[in-house]
Amino acid sequence: MTVALRRRLLAEFTGTALLVTAVVGSGIMATTLSPADVGLQLLENSIATAFTLGALILIFGPVSGAHFNPVVSAADWFLGRRAGTGLTGRDLAGYVAAQTLGAIGGSILANLMFDLAAVDLSANDRAAAHLWLGEVVATTGLILLVFALARSGRAPVAPAAVGAYIGAAYWFTSSTAFANPAVTIGRAFTDTFAGIAPASVPGFVLAQLVGLAVGICLLTLLYPDAGKTADQVVVPTGERGPALDPRA
């Protein structure tokens, strides 16, 4: 990690803010243009999110790795600490703070762009066991994807792969795949299509942490040395470490 921490934190803050702006803003636009068709609203929302996520990874990946997600950053720290790679504990704390503040700022920006109150806490209740299970599945899959890409030397395709996964997970999970504690918190600040009631946030975050634990357990079984390439998650940042044979 050779890029100055302040630059990486700025990248994580800005990238997460723009991601949430895209999620919330496209949800508002979808309900405006397709008010009677929830399926079409979700399609519009998911396409905008997937494309934006891919673009943001391209923009900010070379600076911070483009985590935009506390569970990705936590996995990066946990798996990389034994190998001396990935985030340090100080980095992790900074990343989580920047991502959370960015997510809140992204909701506020989207609200303002569509002439809504800057902060309007959501009334969209999402507290149910089947939704929490959806978050476990979505988060587990995301962790497996980004670390498998890094371990197999395919981190450069992360913008397309991660965007495609999240776009698909909107549809195959019951929760529409938040899979991100910072984004979950940010989306509580908008009472629109993409919002989540503040009372529902703890359940979603807990489910995402369970998904993080499951993902790490599966990674240690599938890729025991995944931590050696933690510096390549989501996109390589700083100096690359020694390449690993993806066939190993």
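A brief structural summary. (Residues numbered from 1 in each chain as written. Predicted model: local features only at pLDDT ≥ 70, side-chain atom pairs only at ≥ 80, totals over all residues. Heavy atoms only, no water.)

Another aspect to go through is the overall build of the protein. Across its full length, the protein holds eight helices and zero strands. Listed N to C, the secondary structure of the protein is α-α-α-α-α-α-α-α in terms of helices and strands. For 248 residues, the compact-globule formula gives about 18 Å, and the C-alpha radius of gyration of the protein, at 17 Å, lands near that figure. With the C-alpha coordinates aligned to their principal axes, the bounding extent of the protein is approximately 55 × 35 × 30 Å. (Helix = DSSP H or I, 4+ residues; strand = E, 2+ residues; numbered from the N terminus. Rg over C-alpha atoms; globule rule 2.2 N^0.38 Å.)

Side chains that differ in sign of charge can pair as their charged atoms come close. This structure, assessed with the given rule, holds two salt bridges. Put simply, Asp-91 and Arg-8 hold a salt bridge, and the shortest N to O gap is 3.6 Å. Placement of Asp-91 in helix 4 (residues 89-113) and of Arg-8 in helix 1 (residues 5-33) is noted, with a sequence separation of 83 residues between them. Taking the shortest distance from any N to any O, the salt bridge between Asp-225 and Arg-151 comes out at 2.7 Å. Placement of the pair is Asp-225 in the segment after helix 8 (201-222) and Arg-151 in helix 5 (residues 129-151), with a sequence separation of 74 residues. Take Asp-225: its relative accessible area is 23%, and that puts it in the partly exposed class. (Salt bridge = Lys/Arg side-chain N within 4 Å of Asp/Glu carboxyl O. Buried < 20%, exposed > 50% of the residue type's maximum accessible area, 1.4 Å probe, protein only.)

All right, on to unusual backbone geometry then. Cis rather than trans, the peptide bond between Val-233 and Val-234 has omega equal to -10°. Within the chain, Ala-66 stands out as a residue other than glycine whose phi angle is a positive 55°. Turning to its location among the elements, Ala-66 is positioned in the loop between helix 2 (38-64) and helix 3 (70-80). Residue Ala-66 is classed as buried on the basis of its relative accessible area of 2%. At Thr-176, a position not held by glycine, the phi torsion is positive, near 65°.

Among the nonpolar cores identified, the biggest contains 48 residues, and Ile-57, Phe-68, Leu-142, Ile-143, Phe-147, Val-162 and Val-234 are the most heavily contacted of them. A per-element tally of this core places helix 5 first, with eight residues. In this view, Val-234 contacts Ile-57, Gly-65, Ala-66, His-67, Val-72, Val-146, Ala-155, Ala-158 and Val-162; residues no more than four positions away in its chain are not counted. In terms of nonpolar packing, the next biggest core, distinct from the first, is built from eight residues, Ala-128, Phe-178, Ala-188 and Phe-204 among them. (Core = buried A, V, L, I, M, F, W, Y, C linked by side-chain atoms within 4.5 Å. Contact = heavy atoms within 4.5 Å.)

Another point: helix 2. At Leu-58, helix 2 is deflected by roughly 40°, the largest bend along its length, and proline Pro-62 occurs up to four residues later in sequence. Where helix 2 starts, the residue carrying a side-chain oxygen 3.1 Å from the main-chain nitrogen of Gly-39 turns out to be Asp-37. Just past helix 2, the residue Gly-65 takes up positive phi, approximately 95°. (Bend = angle between axes of the 7 residues up to and from the residue. Polar contact = N/O pair within 3.5 Å; in protein donor to acceptor, adjacent residues only side chain to side chain.)

To continue, consider the environment of Pro-62. Within the element layout of this structure, Pro-62 appears in helix 2. Measuring from C-alpha to C-alpha, the distance between Pro-62 and Thr-237 comes to 4.9 Å, with 175 residues separating the pair along the chain.

This part takes up the side chain of Thr-173. Examined against the element boundaries, Thr-173 turns out to sit in the loop between helix 6 (158-172) and helix 7 (181-186). Given the relative accessible area of 8%, Thr-173 is considered buried. Only 3.4 Å separates the side chain of Thr-173 from the backbone nitrogen of Thr-176, close enough to count as a polar contact. With residues up to four places along the chain from it excluded, the contact list for Thr-173 reads Gly-134 and Ala-138.

All right, on to the packing of aromatic side chains then. Tallying each qualifying case throughout the model produces four aromatic pairs. Ring geometry for Tyr-165 and Phe-172: centres 6.1 Å apart, planes at 65°, overall edge-to-face. Its relative accessible area of 15% is what places Tyr-165 among the buried residues. Ring geometry for Phe-178 and Phe-204: centres 4.9 Å apart, planes at 70°, overall edge-to-face. Pair noted here: Phe-178 is in the loop between helix 6 and helix 7 and Phe-204 is in helix 8, with a separation of 26 residues, a long-range link. The lysine or arginine in question, Arg-187, covers the ring of Phe-178, its NZ or CZ lying 3.6 Å from the ring centre. (Phe/Tyr/Trp six-rings, centres within 6.5 Å; stacked < 30°, edge-to-face > 60°. Lys NZ or Arg CZ within 6 Å of the ring centre and 35° of its normal.)

Where helix 3 meets helix 4, the closest approach of the two axes is 9 Å, and the angle between their N-to-C directions is 175°. Classified by the angle between their axes, helix 3 and helix 4 sit roughly antiparallel to one another. Every residue of helix 4 that contacts helix 3 at Pro-70, Ser-73, Ala-74 and Trp-77 is listed here: Gly-89, Leu-92, Tyr-95, Val-96 and Gln-99. Across the contact of helix 3 with helix 4, the residue classes tally to six nonpolar, three polar and no charged. (Axes fitted to C-alpha atoms, helices over the stretch in contact; angles between N-to-C directions. Parallel < 35°, antiparallel > 145°, perpendicular 65-115°, else oblique. Nonpolar A, V, L, I, M, F, W, Y, C, P; charged D, E, K, R; others polar.)

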